[in-house]
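# Structural characterization, general
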Amino acid sequence: MARAGITADRLVTAAADLADEAGFENVSLSALARHFGVKDASLYSHVRGLGDLRTRLALHAGGELIDRIAAAVAGRAGKDALAAFAGAYRAYALEHPGRYAATQIRIDQALIADSPALRRTAEITYGMLRAYGLAEPDLTDAVRLLRSTFHGYCALESAGGFGADRDVRASWDKAVEALHLALTHWPRETRNDE
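Thresholds applied
- Residues numbered from 1 in each chain as written.
- Predicted model: local features only at pLDDT ≥ 70, side-chain atom pairs only at ≥ 80, totals over all residues.
- Heavy atoms only, no water.
- Salt bridge = Lys/Arg side-chain N within 4 Å of Asp/Glu carboxyl O.
- Helix = DSSP H or I, 4+ residues; strand = E, 2+ residues; numbered from the N terminus.
- Buried < 20%, exposed > 50% of the residue type's maximum accessible area, 1.4 Å probe, protein only.
- Core = buried A, V, L, I, M, F, W, Y, C linked by side-chain atoms within 4.5 Å.
- Contact = heavy atoms within 4.5 Å.

### Regarding the pattern of salt bridges
What the rule picks out here adds up to 10 salt bridges. Residue R56 is joined to D52 by a salt bridge in which the shortest nitrogen-to-oxygen separation is 3.2 Å. Here D52 and R56 lie together in helix 3 (residues 50-73), a separation of 4 residues that amounts to about one turn. For R56, a relative accessible area of 29% translates into the label partly exposed. Across the pair R99 and E64 runs a salt bridge whose closest N-O atoms are separated by 3.0 Å. Within this pair, whereas R99 is found in helix 5 (residues 97-102), its partner E64 is found in helix 3, the two being separated by 35 residues in sequence.

### Considering the nonpolar core
Burial of nonpolar side chains together is a common tendency in soluble globular proteins. Among the nonpolar cores identified, the biggest contains 34 residues, and I69, L82, L129, F150 and L183 are the most heavily contacted of them. Among the secondary structure elements, those contributing two or more residues to this core are helix 3, helix 4 (78-95), helix 7 (116-130), helix 8 (138-158) and helix 9 (168-184). With 9 residues, the top contributor of residues to this core is helix 4. Setting aside its immediate chain neighbours within four residues, L82 contacts M128, Y132, L146, F150, V176, L179, H180 and L183.

### Remarks on helix 2 (residues 29-36)
In an α-helix, one turn spans 3.6 residues; hence positions three or four apart end up facing the same way. For helix 2, the set of buried residues is L29, A31, L32, A33 and F36. Elements that come into contact with the buried residues of helix 2 comprise helix 1 (8-22) and helix 3. Where helix 2 terminates, the next one or two residues include G37, which has phi positive at roughly 70°.

What follows is the structure, given as structure tokens:
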């Protein structure tokens, strides 16, 4: 029988808070059971196990992240949209390190197809990049460039990996400017049938 007051949503929210406080790698059913004052086994009526909980946390955090990005890019295009997208991404990653770490795990492709938040992420990201005149396969390549740049920068920044006197925000702004230039002058894939 489910413990009164515990729902799958409350469990995921508590896991997200724990991830931000203690690190995503420290999210466990035992820690959450202690938080709710119940035995570990009682949580299995809400999630199938730790893997299921972490996947739900990843989807939850991904939804939060894309909501923030969508609000930032609304009504913008080109460089303005890219800068707003990048700024919202960086802010979320730095403000919610555990939640952000959850967004980096690999999720089953079937779950991705069923996730409104992840579909929305693709729509917003690809929509922003289409303003640069990109089409497949260049869109996928550009998404990979943005994701790896944003993630790498945020991971290094949160770990204190930038030691030079240069302001980290100034370097971030230069990186976004460089991405804008790269997207504007993208080496488009040529089709063999042309």
